[in-house]
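Here is what each chain is made of, one letter per residue.
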Amino acid sequence: MPRLVMKFGGTSVANVDRIRNVAAHVAREVAAGYEVAVVVSAMSGKTNELVAWVKDADPLYDAAEYDAVVASGEQVTSGLLAIALRKMGVPARSWQGWQVPILTSDAHGSARIAEIDGARLDAGFKRGEVAVIAGFQGMHVETGRLTTLGRGGSDTSAVAVAAAIGAERCDIYTDVDGVYTTDPRVVPKAKRMERVTFEEMLEMASLGAKVLQVRSVELAMVHRVPTTVRSSFDPPEAARPGTLICDEDDIVEQQIITGIAFSRDEAQITLRRVKDSPGVAAAIFGPLADANINVDMIIQTVSGDASTTDMTFTVPAADYERARTVLDQQAETIGFAQIEGATDVVKVSAIGVGMRSHAGVAAKAFRALAAKGINIRAITTSEIKFSVLIDAAYTELAVRTLHSLYGLDQA
């Protein structure tokens, strides 16, 4: 029988009535002839509550015990869904990450999946059971301690399980009915896409689109797991197909630009009059890397006499103050004259595999933004996307301008 993995997020399992609705979605797929594994998140808001309890108990908490507490939310949901399925006459049992087992690294709070042994799940399928798996969690093989995968980790759990059991596809159920060309709250004319490539979805997820967790898309791309984003709020008997994330070869007609993403989680730092000599870049970005601060856009402007340079780059807004502290501590080594920063900035990106075969795509955007009076602070490009850093006040105008420019209003 074909196998299917279904993942349901926190809003989809927010209460017992919503869990009954999820059970009806699962029962539909069982009736269609699938062997089903379901991966569930904690009820909406529950993880935040658990985290708050941990921090209240001790702000300097032990990471392993933190995982033991926060993983309990998924345990509750998996048990309740198994009960709801049994009530509907569908054989089911709940599985915790360590029972599968889902083996991970020992980085508590942000562990990475190393291996999934699907033998026990196989045995359950032979018994006709739906496997209801607690997402977001696993077990470190050496210590035997429970681990968690970081926020959004249930998406990663679902794709990894799909790869491990050879599932036909992985359906991610959420509170939206698919992947849109941009945020419909900003552009009401945004359209739901029927298909999008793994590469495009990876760029969208990393550039601000909140539909899927980045690591889950990476896993889906590596293991070639077709992944669908669907709405759990659709009636189970009339569920819409959603958006399929798949190989580029599976998309017959590809647009130049597929979507516009934006991220408000950006901060800009500029170091003025840095000595222009070998090793300066390493002196700046090495300590930031050691502090686990990700640097994105980088612009270097050399002075006319080539003796000094201005270095501008972006970091996550949450790391802005910490990044400035790290750089201040390295001021003597780096040798800059002044440090400046801004947090009222946003990164707007255009993504599309069609950019590979079309010239002038980014230049067209620069002209359109200039015509709207939008100043570009920084630019970064790759094979299938370009991003601009602009003042946050122009976010909606820039997104709408680019969305219309590339014909996505009519997509």
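Refer to the preceding data block for the structure.
Reference entry: report on the structure contained in this document. A quick note: this is a predicted structure, and the numbers were derived from the prediction, not measured.

Applying the stated rule across the entire model yields zero disulfides. No disulfide involves cysteine 246; its nearest neighbouring cysteine sulfur is the one of cysteine 170, lying 14 Å away. Relative accessible area serves as the criterion here: at 2%, cysteine 246 is assigned to the buried category.

Reading across the sheet, the four strands line up as S5-S4-S7-S8 and stay open at both edges, with mixed pairing between neighbours. One side of each edge strand has no neighbouring strand; the edge strands of this open sheet are strand S5 (113–116) and strand S8 (146–148). Strand-to-strand twist across the sheet, computed as the mean angle between neighbouring axes with direction ignored, equals 45°. In this structure, strand S4 (residues 102–104) lies alongside strand S7 (residues 137–140), joined through two bridges in parallel fashion. Residue threonine 104 lies in a different strand from S7, and its bridge partner there is histidine 140.

Look at helix H2 (residues 46–57) against helix H3 (residues 63–70): their axes get within 9 Å of each other, and the N-to-C directions meet at 145°. The element H2 and its partner H3 pack so that their crossing is right-handed. The residues of H3 that touch H2, namely those facing Leu50, Val51 and Val54, are Tyr66, Val69 and Val70.

Residues three or four positions apart in an α-helix share a direction because the helix packs 3.6 residues into each turn. Those residues of H3 not exposed but buried are Ala64, Tyr66, Asp67 and Val70. Considered in projection along H3, the buried side chains sweep an arc of 155° and stay on one side of the axis. At its buried positions, H3 is contacted by H2, helix H4 (72–87) and S8. Put simply, aspartate 62 is the residue that caps the front of H3, since its side-chain oxygen is 3.1 Å from the backbone nitrogen of alanine 64.

Further remarks concern the pattern of salt bridges. Evaluation of the coordinates by the stated rule reveals 27 salt bridges. Of the charged contacts in the structure, one is a salt bridge between glutamate 65 and arginine 145, with a shortest N-O distance of 3.1 Å. One end of the pair, glutamate 65, is in helix H3; the other, arginine 145, is in the loop between S7 and S8, with 80 residues separating them in the sequence. Salt-bridge contacts for arginine 112 lead to glutamate 218; the nearest nitrogen and oxygen are separated by 3.9 Å. Taken together, the residues span a long stretch of sequence, with arginine 112 in the loop between S4 and S5 and glutamate 218 in helix H8 (residues 214–223) at a distance of 106 residues. Residue class for arginine 112 comes out partly exposed when judged on its relative accessible area of 48%. If you follow the salt bridges from partner to partner, you end up with Arg28, Glu29, Glu168, Arg169, Asp171 and Arg230 in one network.

This model, assessed by the stated rule, comprises four aromatic pairs. Ring geometry for tyrosine 61 and tyrosine 66: centres 5.0 Å apart, planes at 15°, overall stacked. Overall, tyrosine 61 belongs to the partly exposed group, its relative accessible area being 32%. Its relative accessible area of 16% is what places tyrosine 66 among the buried residues. Considering the side-chain rings of phenylalanine 285 and phenylalanine 313, the 5.1 Å spacing of their centres and the 75° angle between planes classify their relative orientation as edge-to-face.

Let us look at the sheet that holds strand S11 (residues 227–231). Strand order in the open sheet formed by eight strands is S3-S6-S2-S1-S9-S11-S12-S10, and the pairing between neighbours is mixed. Single-partner strands in this sheet number two, and they are strand S3 (92–95) and strand S10 (195–197). Strand after strand, the sheet turns through a mean of 20° between neighbouring axes, direction not considered. The pairing of S3 with strand S6 (residues 130–134) spans four bridges and is classified as parallel. Its bridge partner being in S6, alanine 92 is matched across the sheet by valine 130. Each of strand S1 (3–8), strand S2 (35–40), S6, strand S9 (169–174) and S11 touches helix H1 (residues 16–31); the most contacted strand, S1, lies at about 170° to it. Packed on one face of the sheet, helix H7 (residues 198–206) meets S10 and strand S12 (243–246) and runs near 85° to S10.

Conventions adopted
Residues numbered from 1 in each chain as written. Predicted model: local features only at pLDDT ≥ 70, side-chain atom pairs only at ≥ 80, totals over all residues. Heavy atoms only, no water. Disulfide = S-S within 2.5 Å. Buried < 20%, exposed > 50% of the residue type's maximum accessible area, 1.4 Å probe, protein only. Pairing = 2+ DSSP bridges. Helix = DSSP H or I, 4+ residues; strand = E, 2+ residues; numbered from the N terminus. Axes fitted to C-alpha atoms, helices over the stretch in contact; angles between N-to-C directions. Left-handed = near helix turned anticlockwise from the far one by under 90°. Contact = heavy atoms within 4.5 Å. Arc of directions from axis to C-beta. Polar contact = N/O pair within 3.5 Å; in protein donor to acceptor, adjacent residues only side chain to side chain. Salt bridge = Lys/Arg side-chain N within 4 Å of Asp/Glu carboxyl O. Phe/Tyr/Trp six-rings, centres within 6.5 Å; stacked < 30°, edge-to-face > 60°.

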